[in-house]
Amino acid sequence: YDTMKKNLLVCFFLLLMSSLELVPSSDLFAAEGFVRASGKKILDIHGNNLILRGIGTGNWVLQEGYMMESSAVAGTQWQFRNKLVQTIGEEKTSQFYEKWWDCHFRRVDVDSMAVWGFNCVRVAMHYKQFTLPVEEEPIAGKQTWLEAGFVRMDSLLQWCADNQMYLILDMHGAPGGQGKDANISDYDSSKSSLWESEANKQKLVDLWVKLAERYADSPWIGGYDLINEPNWELPNANKDLWDLFKRLTQAVRVVDKNHLIFLAGNSWGNDYNGLPALWDNNIALSFHKYWNNTDLNSLNFITSLRDQRNVPIWLGETGENSNTWFSDLVALCEQNNIGWSWWPIKKTGINNILRSKSNNDYKSLINSWKNQTQMNAVQAFVAVMQFAEDHKFENCVIQWDVIDALINRPHSIATRPFKNKTVPDVIFAADYDFGPSGEAYSDANDANYRLSTGTNVNWNEGWSYRNDGVDIEACNDNVSNGYSVGWIDDGEWLQYTLQSAEAKAYSILFRYAGQSEGKISILVNGKPASKSIDLPATGGMKTWSTKAISNVILPAGEVKIRIVFEKGNVNFNYFEFRAPKSPSEIGFEVLKSHTDLTKDELTLQFNKPVTAIDINSFSLKVNEQPLAVSEVKIKEDNSQEALLKVSHLLLNTDVIKLSCQAETCLSESQTITKFTDLPVDNRIAPIGIIPCRVEAENYLAKNGFSFEECQDVGGGQNSSYAAAGNHLDFFLLSEDAGEYDIDFRTSVNITQSKIAMYDGETNTFMKQVTLPGTGGWQNWKTQHSTVYLKKGKNILRLRATTDGFNLNWIEIRKQEDSRENSLSEEKGFSLFPNPVADVLYLNHTSSSELAVCLLDLSGRTLKTQKYPPETPVEIDMRAIQNGIYFLQIQTGKERIGKKIIVHKN
């Protein structure tokens, strides 16, 4: 028995060793104590799951034209350096570069990053920091090493180690240049690239071996990013790229068996076509991401590769967008266990964590190069040395909003004050709260998704102060913090968190400028605190005026004030508080009222809590016709709001007015202030009145879909990026309950796809429809099905069961299963046009008097009139709103009915 057991153990050991033949036995546990790959995860030095949260050093060691503000004349570092040598000479140029390297990135930068919550630095290296170009080598094939560059990396590694941060070495500029995007790699098209020169490839191999020898035993080296953003037309499925990566890996492993190696695909890190079986067990794939959607679909290409190859992935470089894009992407990555590194740490502009400045002489120098004029060498030298000095940490502006977007917002929607303020401080417009879009502010454009949408968006039109969607520009008002908010669209808003010592009512002075009239209202802690306030035109967008908003009640403690721009097109500078008084001195009022999006109900908003209300408290008129209230109640979650329901179909075209002449609505002992014909904000969504065709882009609500230009007949847009679980809601009005025909206009780029139909109000499944493949994303076919709809308003939810389809439109009509309610020409009647806009004509040959009655869907009579026998009937429909109606015709003992559709463009 013992012998058998021993033999089994020997067999098991031999089997284990044979399964690990790709990994030498001496390497099995070599990476313990270092950042390493483990299946689909990256582990830290303690063996725990690691999400790398980093920032790239950017312009420090390899200068790029857009960060040097020289793109028009010197996009690459070698071009910039040549221009500088021509202007100030070689010696002064060398002095500038020494100062640049000493100023741009220092210990204080790393110390600060650690405090802010980052755990790694990705240093963008230029090979020229460490060795000479092949063209300048004294002895061909022999590498000349420049010790200063290695010492600089030694210092950086020490700064990181002291902060327990990981350092990732990124070869941003490889010998000869690895891509035709020259600014990135400092490529010179007059010389052989990395891909065209064996000498350049060997220099890259030798340089990585040199670096690996130096840092093989350092646990705070997070990994080697061997080649940044290759972008070259490489034949045979990127074979040259993978061959070079394998060659580099094998060379590094001779001297360093510890450190994680990052591989970046072609096309800026995103093309992994032809990737062979991985040749090392400590590798991660590094993709890059800019200016596209921040949904799971946009990551499918790399997460699928991770799953297929059982290899970790890392977002090695991203950025250059808005705070919304930043926080959405970080949240997406971390939810999928993907680390990230932002780009860059500093430059001029608002969308990096440190904002540097450019002195006027430096700007003049760049302009002199553009205009091919000569700038004084002494002045030019002073300019570039000051430019370097201005990149020191202490001379940069810390963009706290960018840090917040990367570190806090991905994990919390909570808002907090941008600056600590108390009542009655002056509150400047640009100092709205920290927090995500939809919580701290709302703006029509708050990110750039141009690679997905084809549309380039400037999320901050003034490109000043902060990196959110709020548009901020310089302010010329007498009282100012230097900035005002402009380019304000209807419906946008800003929130400010303040401290209030006691409950008081104030007059708020609102400072604004506008060429045309605006309108605002105020919310306090999410509840209405003012009526809609008109802002008269001031005569110009820089002509400032003040509007007083009276009787705004603030409670004691933390207060969140939201300024809502019901009508924008004004500039906003600040607001402040005046004339405090007790809230008991303020009357009890209805401030505003609005309809629901889809339901036949109104919300009433009061300035104080409601303690008593009944069905007789309020009355309504719809299109000047009285309408009975069926129910009224105080909202359980907000006593400053009441819900008022009606038993009548409300449409988005209705004009609704609210009145109060009763004394049955109370706030404690205070009676509501009476009013007549208060306009109700009609928020009911446009509705598809069956029979109808509804374009995909005319959805009621969406979850996860994007839209693009459609090449189908009729054009418009189609939904795209369908992912399983995403849905579109459509708002429909049906005359009767029953089965309806529904057609889907789709393009399907796989064998087949599926859509499930749900009742959107209850999220109840109804039916699934299979969509056969159409052979392409813009090859369109129509697929038929049926769906059950209830009478009246319906929310039809279309949920993607599988990926792989685009939707152009749906078309719905009642099944032809009856002939009731139809006018028959055999009986001598003809009715036209239908749909109708202005006048409805009814021709008949009846010898009896006609009684004609027009009713709405609830049975309410809108028009009634009698006509003599054999008289043509003309019914004026110009005052009738868009919608579905019934025309009843009584002739003798016979009653005939017909559905009428009113549709005005």
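Q: Residue-level account of the overall build of the chain, with values.
A: Within the chain one finds 16 helices and 54 strands. In terms of overall dimensions, the chain has a C-alpha envelope of 115 × 75 × 70 Å along the principal axes. Within the chain, counting contacts between residues at least 6 apart in sequence, those at least 24 apart form 71% of the total. As presented, the chain carries roughly 38600 Å² of accessible surface, and 48% of it is formed by carbon and sulfur atoms. A distance of 2 Å separates the average location of the 89 positive side-chain charges in the chain from that of its 111 negative side-chain charges.

Q: How would you explain the sheet that holds strand β35 (residues 675–679) if you had to name every residue and give the values?
A: Pairing is antiparallel across the open sheet formed by four strands, whose spatial order is β29-β28-β32-β35. Taken across any chain shown, the strands that pair with only one partner, and hence form the sheet edges, are β29 (625–627) and β35. Here the average twist between neighbouring strands, direction ignored, is 30°. Both strand β28 (residues 619–622) and β29 contribute to a ladder of three bridges, which runs antiparallel. Bridge pairing in β29 links V622 to Q625.

Q: Before we move on, could you go through the side chain of E320 and cite the residues and values that matter?
A: Assignment of secondary structure puts E320 in the loop between β9 (313–319) and α12 (323–335). Within the structure, the side chain of E320 is placed 2.4 Å from the side chain of Y66, a separation counted as a polar contact. Beyond its immediate chain neighbours, meaning those up to four positions away, E320 contacts Y66, Y290, W291, F326, W343, P344, K347, N351 and W459.

Q: Could you give me a rundown of the pairing of strand β31 (residues 638–646), with the residues and numbers involved?
A: Counting buried residues along β31, seven of its nine residues qualify, which places the element largely inside the surrounding structure. When strand β27 (residues 601–606) meets β31, the two strands line up antiparallel, connected through five bridges. Each bridged residue has a counterpart across the sheet, and for T603 the counterpart in β31 is L643. Across six bridges, the pairing between strand β30 (residues 629–635) and β31 is antiparallel. In the sheet register, E631 faces β31, and the bridge partner there is K645.

Q: Run through the layout of surface pockets, naming residues and quoting values.
A: Volume-wise, the largest pocket comes out at about 780 Å³. The wall of the largest pocket is formed by 31 residues, among which Q77, R81, K128, P133 and E136 lie closest to the centre. Counting residues per element, the ones that place at least two in the lining of the largest pocket are α3 (77–88), α4 (90–104) and α6 (147–162). Residues that form the lining of the largest pocket fall into these classes: ten nonpolar, twelve polar and nine charged.

Q: Outline helix α11 (residues 300–309), listing residues and values.
A: Every buried residue belonging to α11 is among I302, T303, L305 and R306, and all of these are buried. With its buried residues spanning 155° around the axis, α11 presents them on a single face. Packing partners of the buried residues in α11 comprise β8 (283–289) and β9.

Q: Break down the pairing of strand β6 (residues 221–225) for me, citing the residues and quoting the values.
A: The buried fraction of β6 is high, at five of five residues. Across two bridges, β6 lies against strand β7 (residues 261–263) in parallel orientation. In the sheet register, Y224 faces β7, and the bridge partner there is I261.

Q: Describe the sheet that holds β27, and please don't skip the residues or the numbers.
A: The strand order β26-β27-β31-β30 describes an open sheet built from four strands, whose pairing is antiparallel. Here the strands that pair on one side only, and so sit at the sheet edges, are β26 (590–595) and β30. Each strand axis lies, on average, 20° off the axis of its neighbour in the sheet, ignoring direction. Two strands pair when backbone bridges link them, and β26 and β27 are joined in this way by five bridges, in the antiparallel orientation. Along β27, the bridge assignment pairs S593 with L604.

Q: An account of the pattern of salt bridges is requested, with residue identities and associated values reported.
A: Scanning all chains against the criterion turns up 49 salt bridges. Across the salt bridge formed by E98 and R152, the nearest N and O atoms sit 3.9 Å from each other. In this pair, E98 is assigned in helix α4 and R152 in helix α6, connecting sequence segments 54 residues apart. Take R152: its relative accessible area is 13%, and that puts it in the buried class. R683 is paired through a salt bridge with D681; the nearest N and O atoms lie 2.9 Å apart. The exposure class of D681 is partly exposed, given its relative accessible area of 38%. Taken together, the shared-partner salt bridges connect D404, R409, R416, R466 and D468 into one network.

Q: Requested: an account of the nonpolar core, with residues and values cited.
A: Within the largest apolar cluster, 118 residues are counted, with the highest numbers of intra-cluster contacts made by W208 and L406. Residue contributions to this core peak at eight residues, all from helix α8 (residues 198–215). Among the nonpolar cores identified, the runner-up in size contains 38 residues, and I472, F510, A529 and F565 belong to it.

Q: Can you lay out the side chain of Q640 for me, pointing to particular residues and giving the numbers?
A: Within the secondary structure, Q640 is located in strand β31. By relative accessible area, which is 12% here, Q640 ends up buried. Discounting residues that sit within four places of it in the chain, Q640 has contacts with K527, P528, L604, Q605, F606, N607, K608 and P609.

Q: Could you give me a rundown of the environment of V426, with the residues and numbers involved?
A: Mapping V426 onto the fold places it in the loop between α15 (400–407) and β14 (427–428). Contacts of V426, omitting those with residues within four sequence positions, involve K421, Y574, F575 and E576.

Q: Help me get a handle on the packing of aromatic side chains, residues and values and all.
A: Across all of its chains, the model carries 45 aromatic pairs by this definition. Centre to centre, the rings of F575 and F577 are 5.8 Å apart; their planes meet at 80°, and the pair counts as edge-to-face. Under the relative-accessibility criterion, F577 is labelled buried at 4%. Judged by centre distance (6.3 Å) and plane angle (55°), the ring pair of F705 and F805 falls under tilted. Of the two residues, F705 sits in the loop between β38 (701–703) and β39 (706–709) while F805 sits in strand β47 (residues 805–814), which places them 100 residues apart along the sequence. A relative accessible area of 3% means that F705 is categorised as buried. Site record: aromatic cluster; members linked through ring pairs are F80, F96, Y97, W100, W101, Y362, W369 and F387. Its guanidinium or amino end placed over the ring of F381, K92 lies 4.6 Å from that ring's centre, counting from NZ or CZ.

Q: Go over α4 with me, naming the residues and quoting the values.
A: The first and last C-alpha atoms of α4 sit 21 Å apart over 15 residues, in line with the 21 Å expected at 1.5 Å per residue. Where α4 is buried, its residues contact α2 (65–68), α3, α5 (107–116), α6, β11 (346–347) and α14 (377–389).

Q: Which residues make up unusual backbone geometry, and what are the values?
A: Following V423, the chain continues to P424 via a peptide bond in cis, the omega torsion being 20°. The omega angle of the peptide bond from I690 to P691 is 5°, so this bond is cis rather than trans. Mapped onto the elements of the fold, P691 is located in the loop between β36 (688–689) and β37 (692–695). Positive phi is not limited to glycine here, since N337 has a value of about 55°. Relative to the helices and strands, N337 is located in the loop between α12 and β10 (339–343). Classification of N337 by relative accessible area gives partly exposed; the value is 25%. The phi angle at E624 is positive, at roughly 70°, despite the residue not being glycine. Looking at the secondary structure, you find E624 in the loop between β28 and β29.

Procedures and definitions
Residues numbered from 1 in each chain as written. Predicted model: local features only at pLDDT ≥ 70, side-chain atom pairs only at ≥ 80, totals over all residues. Heavy atoms only, no water. Helix = DSSP H or I, 4+ residues; strand = E, 2+ residues; numbered from the N terminus. Contact = heavy atoms within 4.5 Å. Areas by Shrake-Rupley, 256 points an atom, 1.4 Å probe, with all protein chains shown as cover. Lys, Arg positive; Asp, Glu negative; His and termini not counted. Charge placed at Lys NZ, Arg CZ, Asp CG, Glu CD. Pairing = 2+ DSSP bridges. Axes fitted to C-alpha atoms, helices over the stretch in contact; angles between N-to-C directions. Polar contact = N/O pair within 3.5 Å; in protein donor to acceptor, adjacent residues only side chain to side chain. Buried < 20%, exposed > 50% of the residue type's maximum accessible area, 1.4 Å probe, protein only. 1 Å grid on protein atoms, 1.4 Å probe; cavity = no way out; pocket = protein on both sides within 12 Å on 5 of 7 lines; lining within 4 Å. Points joined across faces, edges and corners; volume = space filled by probe spheres on them. Nonpolar A, V, L, I, M, F, W, Y, C, P; charged D, E, K, R; others polar. Arc of directions from axis to C-beta. Salt bridge = Lys/Arg side-chain N within 4 Å of Asp/Glu carboxyl O. Core = buried A, V, L, I, M, F, W, Y, C linked by side-chain atoms within 4.5 Å. Phe/Tyr/Trp six-rings, centres within 6.5 Å; stacked < 30°, edge-to-face > 60°. Lys NZ or Arg CZ within 6 Å of the ring centre and 35° of its normal. Expected span 1.5 Å × (residues − 1).

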